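Coordinate analysis (summary)
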Amino acid sequence: MPEQQDKIAAARESLLAEIADEIRETSGYLGKDALDPRVIAAIRKVPREEFVPASARDLAYLNRPLSIGHGQTISQPYIVAVMTDLLSLTPDARVLEIGTGCGYQTAILAELAARVHTVEVVASLADAARERLGRLGYANIEFRTGDGRAGWPEDAPYGAIIVTAAARDYPEALVEQLAPGGRMAVPIGRAGFTQLLTLVEKDEDGRASKSGRLPVAFVPLVEGH
Ligand code: SAH
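An account of the accompanying structure is given in this report. (Residues numbered from 1 in each chain as written. Predicted model: local features only at pLDDT ≥ 70, side-chain atom pairs only at ≥ 80, totals over all residues. Heavy atoms only, no water.)

**Side note on helix α3 (residues 37-45)**
Val-39, Ala-42 and Ile-43 are the residues of α3 that are buried. Buried residues in α3, looked at end-on, bunch into an arc of 100°, giving them a common side. Residues of α3 that are exposed and point over 90 degrees away from its buried face: Pro-37 and Lys-45. Buried residues in α3 make contact with α1 (2-25), α4 (77-87) and α5 (104-112). Where α3 begins, one side-chain oxygen reaches toward the backbone nitrogen of Arg-38, 2.8 Å away; that side chain belongs to Asp-36. (Buried < 20%, exposed > 50% of the residue type's maximum accessible area, 1.4 Å probe, protein only. Helix = DSSP H or I, 4+ residues; strand = E, 2+ residues; numbered from the N terminus. Arc of directions from axis to C-beta. Contact = heavy atoms within 4.5 Å. Polar contact = N/O pair within 3.5 Å; in protein donor to acceptor, adjacent residues only side chain to side chain.)

Quick look at the structure:
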């Protein structure tokens with residue numbers, strides 16, 4: 001329905017305006033006061049309403065996280081924007097994502113990079129995300145069900161890695177799979193508390209350094225089977 005589409009487009013624009021405001025308000029943490037225009041374009045393009053439960057469709061464009069079942073959430077759009085922006089993706093990038101969830105962040109990554117590898121520990125979520133992203137036409141995503149804390153070593157190294165659940169400790173195994181010049185965004189700290197969204201940068205000589213960026217609240221990165 002065209003009216004429905006207009007409504008969605010308007011909701012998406014007001015979401016983008018809210019994200020822009022929040023980026024400005026938190027510029028002290030982020031070290032920048034606007035998103036990369038490519039990140040804005042990706043958020044404008046991905047139909048977030050397709051990633052939330054049918055009962056929550058009306059809430060899809062609110063700037064807040066939503067429950068997607070299995071005790072899991074679809075991340076707040078502002079957080080998706082900040083984490084994606086931190087990765088500084090180029091169109092030729094290969095990205096590893098840990099914590100597919102509903103696949104919304106995965107779709108944003110797939111818009112901006114050449115290839116996305118994504119790992120989800122809950123099989124039913126992984127299956128639903130694979131089906132949904134296939135239906136939406138994404139052909140540059142590879143899915144794996146399992147414990148993402150070990151990464152996806154067979155296809156390493158990656159130019160960017162994003163972890164969308166809270167890591168208790170500095171994730172050495174993942175840092176190892178980062179290419180020289182690569183960037184990783186990962187919330188580090190205990191779940192149930194505030195974690196520190198951390199940027200890990202690997203220089204051309206393979207030396208990694210980290211910097212804390214923003215207090216965040218994610219569900220925990222759990223032990224897989
Ligand atoms: N990226 C999602 C948010 C994911 S929520 C979005 O776009 O909204 C965090 C996800 O990480 C959950 O789906 C959870 O099941 C998953 N997860 C938790 N521990 C994991 C692990 N060890 N390996 C892979 N995925 C894990």
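Having seen the structure, we can now continue with the description.
**Some points on the site of the ligand**
The environment of the ligand is formed by 27 residues, the closest being Ser-75, Glu-120, Asp-147, Gly-148 and Val-222. A distance of 2.9 Å separates an oxygen atom of the ligand from a polar atom in the backbone of Gln-105. Gly-148 is positioned such that a nitrogen or oxygen atom in its backbone is 2.7 Å from a nitrogen atom of the ligand. In isolation the ligand offers 570 Å² of accessible surface; the protein chains occlude 99% of this area. Listing elements by their share of the shell around the ligand, those giving two or more residues are β2 (72-74), β3 (94-98), α5 and β4 (115-120). It is β2 that contributes the most residues to the shell around the ligand, 3 residues altogether. Residues that form the shell around the ligand fall into these classes: 13 nonpolar, 10 polar and 4 charged. (Near = heavy atom within 4 Å. Areas by Shrake-Rupley, 256 points an atom, 1.4 Å probe, with all protein chains shown as cover. Nonpolar A, V, L, I, M, F, W, Y, C, P; charged D, E, K, R; others polar.)

**As for the packing of aromatic side chains**
All chains considered together, the criterion is met by 1 aromatic pair. Judged by centre distance (5.6 Å) and plane angle (75°), the rings of Phe-51 and Tyr-104 are edge-to-face. Taken as a pair, Phe-51 in the loop between α3 and β1 (66-69) and Tyr-104 in helix α5 lie far apart in primary sequence, 53 residues in all. Per residue, the accessibility class of Phe-51 equals that of Tyr-104, and both read buried. (Phe/Tyr/Trp six-rings, centres within 6.5 Å; stacked < 30°, edge-to-face > 60°.)

**Side note on the pairing of strand β8 (residues 195-202)**
Burial analysis of β8 places 6 of its 8 residues in the buried class, the great majority of the element. For strand β7 (residues 178-188) and β8, the ladder comprises 6 bridges, and the chain directions are antiparallel. Bridging across to β8, Ile-188 finds its partner in Leu-196. Linkage of β7 to β8, two consecutive antiparallel strands, is achieved through a turn of 6 residues, within which Gly-189 is found at a positive phi near 145°. (Pairing = 2+ DSSP bridges.)

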